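One-letter residues, chain by chain:
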Amino acid sequence: MGIKTALPAAELGLYSLVLSGALAYAGRGLLEASQDGAHRKAFRESVRPGWEYIGRKMDVADFEWVMWFTSFRNVIIFALSGHVLFAKLCTMVAPKLRSWMYAVYGALAVMGTMGPWYLLLLLGHCVGLYVASLLGQPWLCLGLGLASLASFKMDPLISWQSGFVTGTFDLQEVLFHGGSSFTVLRCTSFALESCAHPDRHYSLADLLKYNFYLPFFFFGPIMTFDRFHAQVSQVEPVRREGELWHIRAQAGLSVVAIMAVDIFFHFFYILTIPSDLKFANRLPDSALGDWTPGSDSALPPAGLAYSNLVYDWVKAAVLFGVVNTVACLDHLDPPQPPKCITALYVFAETHFDRGINDWLCKYVYNHIGGEHSAVIPELAATVATFAITTLWLGPCDIVYLWSFLNCFGLNFELWMQKLAEWGPLARIEASLSVQMSRRVRALFGAMNFWAIIMYNLVSLNSLKFTELVARRLLLTGFPQTTLSILFVTYCGVQLVKERERTLALEEEQKQDKEKPE
């Protein structure tokens, strides 16, 4: 039944009340767990002094986040500010050369950060894929691109190529893998677009302008070549009405999010607690269970698992928000931050990098799966997509497991959809009211939501912590914990569906107004 089905306001109000109460309970429990665990021996490495004037320590378990906003903060600000400044000057003085300015500035920044030999290494990969594009064979371009990507993910080639980096510093490995992997994807996109549009005669210079655009270089997001080239080639780009206000608002939201995460980590140690399984194992089973102040039990494992995925989304949203703000100033329309994990209840919309998702969908998933309505082509498409994703993340046991689980989840959704369309079940649903049908589907959406949480917790945290959460939710916590969390999640899914229904209606009204009379 369609998403346009509305539920009574009183029912939605009850769902909001239940969800708000559950989140408040989880927040209180997490705060008390963090306070009690702050002085544990196992927490010493990742809970460091923070706001000493009020006696608060800070969770510093995320190495990348800490580096971004401590030792590398000034470098990032300096590099991006320089890019914005030179881009503005070039746009005013010589707008036809602004794409060249992007490439030259980006290449110099990469050379200054990683050294000239690393720059030459990437140029070699660029030239290799450019030569492959001249042959006009998409399979050859994709195959060579995957081989280049594998060379940055597997020994002994990865060890040899990492030796091209000059010097050593804290974020060296992160920047090496980010810059190298994104370079390969961008070059592959260029090669595939060249094969698809041989009449456009893209040059090596076009590839270099595309690859060395600094804001996207190390951490993405990735824009496919056709989109980037069309936007950066505009000689006199014109801003839409209200665009500058939107850019300022986006920049402001990024700053607010950074400050919010900093405050959050001074009170909630969501990244450190899962690393101490002995402590995490004493958290209460029930989402509505009793809490004894001063004990080592504070937050249900389910709430801790959920908060870990929410943080990963916030981290991605902040990173892409900052980068996208700079890209918008350059008159580009970059991929948007990923959809919040809270609003996800189907695997088809689950991704943590919209740029990578768009790349995979365009060149692999949609190409093989077509309309994604047939079981066998969909299975082939998902297997191929997650095989490449496994290579992108770096082949290892955890990544294999993560890929298998998410591939299964995506296919299982299609199987259940086909089953729901089967005669007897379709007739049963047809006999229900549209509101009851929405309730039934939301119940399945709630179960799917936790499948998404558990499948992705494997890679974002650890397999042992995932096993702990699954055991407590499904075994030792059954039925009270299981049913309580399922009901709270059901309330959340209904509120997400209501939000989607409102947005769909607003979009319809907007389209109706734009239609000529």
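Structural data are supplied above this passage.
This structure is a prediction, so every number in the text was calculated from the model and none was measured.

Student: Any chance you could explain empty space enclosed by the protein here in plain terms?
Tutor: If you roll a probe as big as a water molecule over the atoms, it shows you where there is empty space left. For the structure on display, the rule yields 1 cavity of 30 Å³ or more. Counted as a void, the largest cavity has a volume near 40 Å³. For the largest cavity, the full set of lining residues is Leu185, Ile356, Trp359, Leu360, Ile388, Thr389 and Trp392. Every element with two or more residues in the lining of the largest cavity is listed here: helix H15 (354–369) and helix H16 (375–393). Grouping the amino acids of the lining of the largest cavity by side-chain chemistry returns 6 nonpolar, 1 polar and no charged.

Student: What is the right way to look at unusual backbone geometry in this model?
Tutor: Among all residues except glycine, the phi angle is most often negative; among peptide bonds, the trans geometry is most common. For the bond running from Asp155 to Pro156, omega is 5°, close enough to zero to count as cis. Mapped onto the fold, Pro156 is located in the loop between helix H6 (138–151) and helix H7 (157–162). Residue Pro221 is bonded to the preceding Gly220 through a cis peptide linkage, with omega at 5°. Its place among the elements puts Pro221 in the loop between helix H10 (214–217) and helix H11 (225–232). Positioned with a positive phi, His201 is a non-glycine residue whose angle comes to about 55°. The class of His201 is exposed, set by a relative accessible area of 66%. Backbone geometry places His331, a non-glycine residue, at a positive phi of 65°. Relative to the helices and strands, His331 is located in the loop between helix H14 (301–329) and H15. Judged by relative accessible area, which is 18%, His331 ranks as buried.

Student: Help me understand the layout of surface pockets, please; the structure alone is not making it clear to me.
Tutor: Put simply, the largest pocket is a space of about 1900 Å³. Along the wall of the largest pocket there are 48 residues; nearest its centre are Asp312, Phe352, Trp392, Leu393 and Leu460. Looking at the lining of the largest pocket, the elements that each hand over two or more residues are helix H2 (63–68), helix H8 (172–196), H14, H15, H16, helix H17 (397–420) and helix H19 (434–460). A per-element tally of the lining of the largest pocket places H14 first, with 7 residues. Looking at the lining of the largest pocket residue by residue, the classes come out as 26 nonpolar, 14 polar and 8 charged. Looking at the second largest pocket, its volume works out to about 1600 Å³. Lining the second largest pocket are 46 residues, and of these Met416, Arg441, Phe444, Gly445 and Asn448 lie nearest its centre. For the lining of the second largest pocket, the secondary structure elements donating two or more residues are H17, helix H18 (423–431), H19, helix H20 (463–476) and helix H21 (480–514). When residues of the lining of the second largest pocket are assigned to their parent elements, the largest contribution, 13 residues, is made by H19.

Conventions and cut-offs
Residues numbered from 1 in each chain as written. Predicted model: local features only at pLDDT ≥ 70, side-chain atom pairs only at ≥ 80, totals over all residues. Heavy atoms only, no water. 1 Å grid on protein atoms, 1.4 Å probe; cavity = no way out; pocket = protein on both sides within 12 Å on 5 of 7 lines; lining within 4 Å. Points joined across faces, edges and corners; volume = space filled by probe spheres on them. Helix = DSSP H or I, 4+ residues; strand = E, 2+ residues; numbered from the N terminus. Nonpolar A, V, L, I, M, F, W, Y, C, P; charged D, E, K, R; others polar. Buried < 20%, exposed > 50% of the residue type's maximum accessible area, 1.4 Å probe, protein only.

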